[in-house]
Amino acid sequence: MRRYINFKLIILAALLTAGLTLLSGCGKATAAPAFGALHVAGTNLVGANNQPAVLHGMSTHGLQWFGQFANSGAFADLKKRGANVIRLAMYTDENGYLSNPGLKEKVFSAADAALAQDLYVIIDWHILHDNNPRTHQQEAVNFFSEAARRYGSNPGVLYEICNEPNGSISWSGDVKPYALAVIPAIRASAPQAVILVGSTTWSQDVDLAAQDPLPFSNIMYTCHFYAGTHGKWLQDKIDAARNRGAAIFISEWGTSAADGNGGVFLDSASQWLNFLAARNLSWCNWSLCDKAESSAALNPGANPNGGWTEGNLSPSGKFVFAHF
Ligand code: IDC
């Protein structure tokens, strides 16, 4: 009798596993990116088998301006050059999502295109001139609830909940309370997803975030730098945060000065990339577009669908693509 019950239990468990596998297959993409499902172990980003996972790739420019570069052809070109992640910068302000909610469809179609090619994708709520993320907290909760419902626990999707908080705000009084509201909305449908969180001073105050960390697993704090503006003092903040146990992700950096122009500053950029490599830190470069500004990876007139020649790559693009 006992053996019979055990047998029934085994059959039941097998059926349940098969059912769950089927259910998890209902996400948008069926392909599996290089490291499988990511998670955070200590200060490191690791893959499904706990192997170190280092992501290198591009951030789009604002999708409301240069969304034409967020497509399968462009992503295939980046992948061929060694990129394994794409960040989708959905501005909230500046004719972004808040006044143009249709931009969400661009984010989802671009995410689907990246996932179909086994690239990781970061969905970036790109606050900037709307400096305090709390101003549009409810909109962020609604947006991320929908994104997480759509992608569930798709192992390819990371959620970046606020690009660069700035102005007269604080981590503990503004950004952290915002994160405490938005993260559970994501986790309701994507319980294991890696979530990236910005900090004050345009996501430079990672040391302050690390002093008052978020009470969740699989969280990384973003740090952003521009090679012509930010030097060792910002690297010291990264090390201070890591020494307190915070995991850091460089979801945006540029070879230019912080205004997106000037330079390019390739000596400083090399020094930064060595610093990041020594710590296995992941990064996305600003930006995938052909705007006439030095941080853009492509020269004006480059084909939005990829297949770029050397002549299509800007000095920044040549440098960055060689470092994927
Ligand atoms: C810049 C773009 C520029 C655009 C401007 C609009 O490069 O073409 O006119 O945004 O606000 C950031 C931001 C990023 C900035 C970039 C360069 O996240 O949106 O892009 N930067 O200034 N943080 C530091 C630098």
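Please refer to the structure placed before this passage.
This report concerns the structure included in the present document. As the structure is a computational prediction, the values presented were derived from the model and not from experiment.

How each quantity is defined
Residues numbered from 1 in each chain as written. Predicted model: local features only at pLDDT ≥ 70, side-chain atom pairs only at ≥ 80, totals over all residues. Heavy atoms only, no water. Near = heavy atom within 4 Å. Polar contact = N/O pair within 3.5 Å; in protein donor to acceptor, adjacent residues only side chain to side chain. Areas by Shrake-Rupley, 256 points an atom, 1.4 Å probe, with all protein chains shown as cover. Nonpolar A, V, L, I, M, F, W, Y, C, P; charged D, E, K, R; others polar. Axes fitted to C-alpha atoms, helices over the stretch in contact; angles between N-to-C directions. Helix = DSSP H or I, 4+ residues; strand = E, 2+ residues; numbered from the N terminus. Parallel < 35°, antiparallel > 145°, perpendicular 65-115°, else oblique. Left-handed = near helix turned anticlockwise from the far one by under 90°. Contact = heavy atoms within 4.5 Å. Expected span 1.5 Å × (residues − 1). Buried < 20%, exposed > 50% of the residue type's maximum accessible area, 1.4 Å probe, protein only. Arc of directions from axis to C-beta. Pairing = 2+ DSSP bridges. Phe/Tyr/Trp six-rings, centres within 6.5 Å; stacked < 30°, edge-to-face > 60°. Core = buried A, V, L, I, M, F, W, Y, C linked by side-chain atoms within 4.5 Å. Right-handed = clockwise from strand over helix to strand, strands pointing away.

Taken together, 17 residues are adjacent to the ligand, and Tyr 91, Glu 94, His 126, Glu 164 and Lys 291 come closest. Taking Tyr 226, its side chain carries an N or O atom lying 3.4 Å from a nitrogen atom of the ligand. Taking Trp 286, its side chain carries an N or O atom lying 3.1 Å from an oxygen atom of the ligand. Out of a free accessible area of 500 Å², the ligand has 85% covered by protein chains. Class assignment for the residues of the shell around the ligand results in 6 nonpolar, 5 polar and 6 charged.

Each pair of packed helices can be summarised by the angle the axes make with each other and by the distance between the axes. Contact geometry for helix H5 (residues 137–151) and helix H6 (residues 171–187): axes closest at 8 Å, N-to-C directions at 25 degrees. Comparing the axis directions of H5 and H6 gives the class roughly parallel. When you trace H5 past H6, the crossing you get is right-handed. Contacts between H5 and H6 involve Gln 137, Ala 140, Val 141, Phe 144, Ser 145 and Ala 148 from the former and Pro 177, Tyr 178, Ala 181, Val 182, Ala 185 and Ile 186 from the latter.

Now for H5. Its 15 residues give H5 an end-to-end C-alpha distance of 21 Å, which sits within 8% of 21 Å, the value for a rise of 1.5 Å per residue. Residues of H5 that are buried in the fold lie against strand S4 (85–91), helix H4 (103–115), strand S5 (120–126), strand S6 (157–160) and H6. Just beyond H5, the residue with positive phi is Gly 152, at close to 50 degrees.

A word on helix H9 (residues 232–243). Under the 1.5 Å per step criterion, the end-to-end length of H9 is 16 Å for 12 residues, consistent within 8% with the ideal 16 Å. Turning to H9, its buried residues are Leu 234, Gln 235, Lys 237, Ile 238, Ala 241 and Arg 242. Buried residues in H9, looked at end-on, bunch into an arc of 155 degrees, giving them a common side. With respect to the buried face of H9, the exposed residues turned more than 90 degrees away are Lys 232 and Asn 243. Summarising the contacts, the buried residues of H9 are in contact with helix H8 (206–211), strand S8 (219–226), strand S9 (248–254) and helix H10 (266–278).

Attention shifts here to the pairing of strand S3 (residues 56–60). Burial analysis of S3 places 5 of its 5 residues in the buried class, the great majority of the element. Taken together, the 5 bridges between S3 and strand S10 (residues 283–288) define a ladder with parallel strand orientation. Bridge pairing in S10 links Ser 59 to Trp 286. With 3 bridges joining them, S3 and S4 adopt parallel strand pairing. Bridged to Met 58 within S4 is Ile 86.

Turning our eyes to something else, we now look at the side chain of Gln 235. By the secondary structure assignment, Gln 235 is in helix H9. Once residues lying within four places of it in the same chain are set aside, the contact partners of Gln 235 are Gln 271, Trp 272 and Phe 275.

The final tally for this structure, using the stated rule, is 19 aromatic pairs. Between Phe 321 and Phe 324, the ring centres sit 5.4 Å apart and the planes meet at 25 degrees, which makes this aromatic pair stacked. Judged by relative accessible area, which is 17%, Phe 324 ranks as buried.

The tendency in soluble globular proteins is for nonpolar side chains to be buried side by side. By size, the foremost hydrophobic cluster in this structure holds 85 residues, and its most contacted members are Tyr 159 and Ile 161. Setting aside anything within four residues of it in sequence, one finds Ile 161 in contact with Trp 125, Phe 144, Tyr 178, Ala 179, Val 182, Ile 183, Ile 186, Ile 195, Leu 196 and Val 197. Ranked by size, the runner-up nonpolar core spans 16 residues in total, among them Phe 35, Tyr 120, Ile 122 and Ala 247.

Taking burial as the measure, the 7 residues of S9 include 7 buried ones, the bulk of the element. Two elements, S8 and S9, share 5 bridges in a ladder whose sense is parallel. Directly across from Tyr 226, in S9, lies its bridge partner Gly 254. Tracing the backbone out of S8, into H9 and back to the parallel element S9 gives a crossover that is right-handed. Strand direction decides the pairing type here: S9 and S10, joined by 2 bridges, are parallel. Directly across from Trp 253, in S10, lies its bridge partner Asn 285.

With that settled, the discussion passes to unusual backbone geometry. Residue Val 264 is reached from Gly 263 by a cis peptide bond, and omega for that bond is 20 degrees. With respect to the helices, strands and loops of the structure, Val 264 is situated in the loop between S9 and H10. Of note, the amide linkage connecting Trp 286 to Ser 287 takes the cis form, showing an omega dihedral of 5 degrees. A positive phi angle is found at Asn 218, which is not glycine, with a value near 55 degrees. Residue class for Asn 218 comes out buried when judged on its relative accessible area of 8%.

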